[in-house]
Amino acid sequence: MGRFCFQHKAVYFHHDYFIKRIMSDSPIFALFITKSPYDSRNAESALAFCEAAVALGYKVKHVFFYQAGVHNSSKHLCVNTDEVSVKDRWQALNAQHKIPLYLCVTAGTRRGIVTSHSEDDTTAACFTSVGMSEYFASLHDDSIKSIQF
Amino acid sequence: MNGYLLVINTKAPYHTSAAQDAFEAALAASNVGLEVRVLFDEDGVYQLVETQSPEVISHKNMFKKLCSFPLFDVEKIYVNDTALLNRGISLESDKLESTRLESEQVKTLIKNAHHVLVF
């Protein structure tokens with residue numbers, strides 16, 4: 001079952017342990033991220049989850065960014081040099097493991113991230129703007145476990 | 001997919017975009033053929049108040065939007081009865097034909113869902 005959500009409570013867990021404990025039937029993960037990167041830890045938790053899942057040999061089908069989660073896609077994200085760069089980690093995840101990073105086009109448009117002139121978009125190259133159906137259509141596959149961060 | 005996607009609404013209709021985002025997510029999921037069920041819990045039950053007047057803050061009526069759920073094949077609507085009682089809300093004419101659930105039934109609804117999204 002895929003009814004896991006870390007939306008409301010600050011859930012800190014050891015991702016390796018969590019994945020091994022609840023996932024015994026070779027699931028494929030689909031992540032749904034709804035919080036912006038600096039204001040909350042959700043994106044960092046999602047990244048840690050993805051990295052742990054991949055390291056353990058599980059497949060992450062895609063990561064979908066909705067609501068304020070679309071701010072993860074900004075190519076202008078800039079943190080202090082001694083802080084974790086969420087942008088770099090998303091790019092690495094996409095480049096090294098070919099995990100698609102999908103951005104809800106409606107949510108991105110409403111937040112000024114996606115524009116009608118693609119050259120004005122502030123999205124980093126590793127993110128792709130798609131409709132929500134892209135995410136939900138994947139849930140027809142029973143091996144997919146949707147996890148919200 | 002065997003089973004249903006449960007969309008849980010926990011936010012009041014206008015303070016954040018959550019209600020609108022949940023509504024659009026439910027419609028998008030139903031549009032690709034998923035069985036979608038919707039639960040109103042916590043402050044999300046304020047979305048069901050029929051006498052809301054959002055025109056004074058230049059917003060569209062959330063309750064009217066919710067009433068269109070059946071047109072998009074979203075027909076199983078649930079409300080946490082405790083959330084209603086805690087906020088002193090009584091849904092007199094329930095146009096949405098929602099099902100009231102006790103706390104244990106809410107747990108079962110979530111437990112039996114194949115996927116859950118919380119807004």
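Residues numbered from 1 in each chain as written. Chains lettered and ligands numbered in written order. Predicted model: local features only at pLDDT ≥ 70, side-chain atom pairs only at ≥ 80, totals over all residues. Heavy atoms only, no water.

J.: Give me the lowdown on the pattern of salt bridges, citing residues and values where you can.
T.: Residue and element names in this part refer to chain B. Within the structure shown, the criterion is met by nine salt bridges over all chains. Here D43 ties to R87 by a salt bridge, and the two come within 2.7 Å at their closest N and O atoms. Note that D43 is positioned in the loop between strand 2 (36-40) and helix 2 (62-66) and R87 in the loop between helix 3 (81-86) and strand 4 (99-101), a separation of 44 residues in sequence. Residue classification places R87 among the partly exposed positions, given a relative accessible area of 27%. Salt bridges here are not isolated pairs; linked through shared partners, they connect E35, R37 and K76. (Salt bridge = Lys/Arg side-chain N within 4 Å of Asp/Glu carboxyl O. Helix = DSSP H or I, 4+ residues; strand = E, 2+ residues; numbered from the N terminus. Buried < 20%, exposed > 50% of the residue type's maximum accessible area, 1.4 Å probe, protein only.)

J.: Account for the packing of helix 2 (residues 42-55) of chain A against helix 3 (residues 86-97) of chain A, with residues named and values stated.
T.: Residue and element names in this part refer to chain A. Running from N to C, helix 2 and helix 3 point in directions that differ by 25°, and their axes come no closer than 11 Å. Classed by the angle they form, the pair helix 2 and helix 3 counts as roughly parallel. With respect to the hand of their crossing, helix 2 and helix 3 are arranged in left-handed fashion. Packed against helix 2, whose contacting residues are A43, E44, A46, L47, A48, C50, E51 and V54, the element helix 3 presents V86, R89, W90, L93 and H97 at the interface. A breakdown of the residues in the contact of helix 2 with helix 3 according to their chemical character gives nine nonpolar, one polar and three charged. (Axes fitted to C-alpha atoms, helices over the stretch in contact; angles between N-to-C directions. Parallel < 35°, antiparallel > 145°, perpendicular 65-115°, else oblique. Left-handed = near helix turned anticlockwise from the far one by under 90°. Contact = heavy atoms within 4.5 Å. Nonpolar A, V, L, I, M, F, W, Y, C, P; charged D, E, K, R; others polar.)

J.: Requested: an account of unusual backbone geometry, with residues and values cited.
T.: All names here are of chain A. Notably, Q67 is not glycine yet its phi reads approximately 50°, a positive angle. Tracing the backbone shows Q67 in the loop between strand 3 (59-65) and helix 3. Relative accessible area serves as the criterion here: at 8%, Q67 is assigned to the buried category. The residue K98 is not glycine, and still its phi comes out positive at about 55°. Considering the arrangement of structural elements, one finds K98 in the loop between helix 3 and strand 4 (101-104). Since its relative accessible area comes to 66%, K98 is described here as exposed.

J.: Mind laying out the interface of chain B and chain A, listing which residues take part and the relevant values?
T.: On the chain A side, the residues contacting the 26 residues of chain B number 23 residues. When residues of chain B are sorted by the area they lose upon contact with chain A, H114, H115 and V118 of chain B head the list and together hold 26% of the total. Where chain B packs against chain A, one counts one salt bridge. In this structure, E24 of chain B and R110 of chain A form a salt bridge, with 2.8 Å as the shortest nitrogen-oxygen distance. Along the contact surface separating chain B from chain A lie six residue pairs in polar contact (both at pLDDT 80 or more). Looking at the side of chain B that touches chain A, the element that brings in the most residues is helix 1 (residues 18-31) of chain B, giving seven residues. Classifying every residue of the side of chain B that touches chain A by side-chain character gives 14 nonpolar, eight polar and four charged. (Buried area = accessible area lost by both parts, 1.4 Å probe. Polar contact = N/O pair within 3.5 Å; in protein donor to acceptor, adjacent residues only side chain to side chain.)

J.: Describe the packing of aromatic side chains, with residues and values.
T.: According to the stated counting rule, one finds 14 aromatic pairs over all chains in the structure shown. Here the aromatic rings of F32 of chain A and F119 of chain B are separated by 6.3 Å at their centres, their planes lie at 90°, and the arrangement is edge-to-face. Of the two residues, F32 of chain A sits in strand 2 (residues 28-33) while F119 of chain B sits in the segment after strand 5 (115-118), which places them in two different chains. You can call F32 of chain A buried: its relative accessible area is 0%. Pairing F49 of chain A with F149 of chain A gives two aromatic rings, centres 5.7 Å apart and planes at 55°, and the pair type is tilted. (Phe/Tyr/Trp six-rings, centres within 6.5 Å; stacked < 30°, edge-to-face > 60°.)

Functional significance is not addressed by these values, which are geometric in nature.
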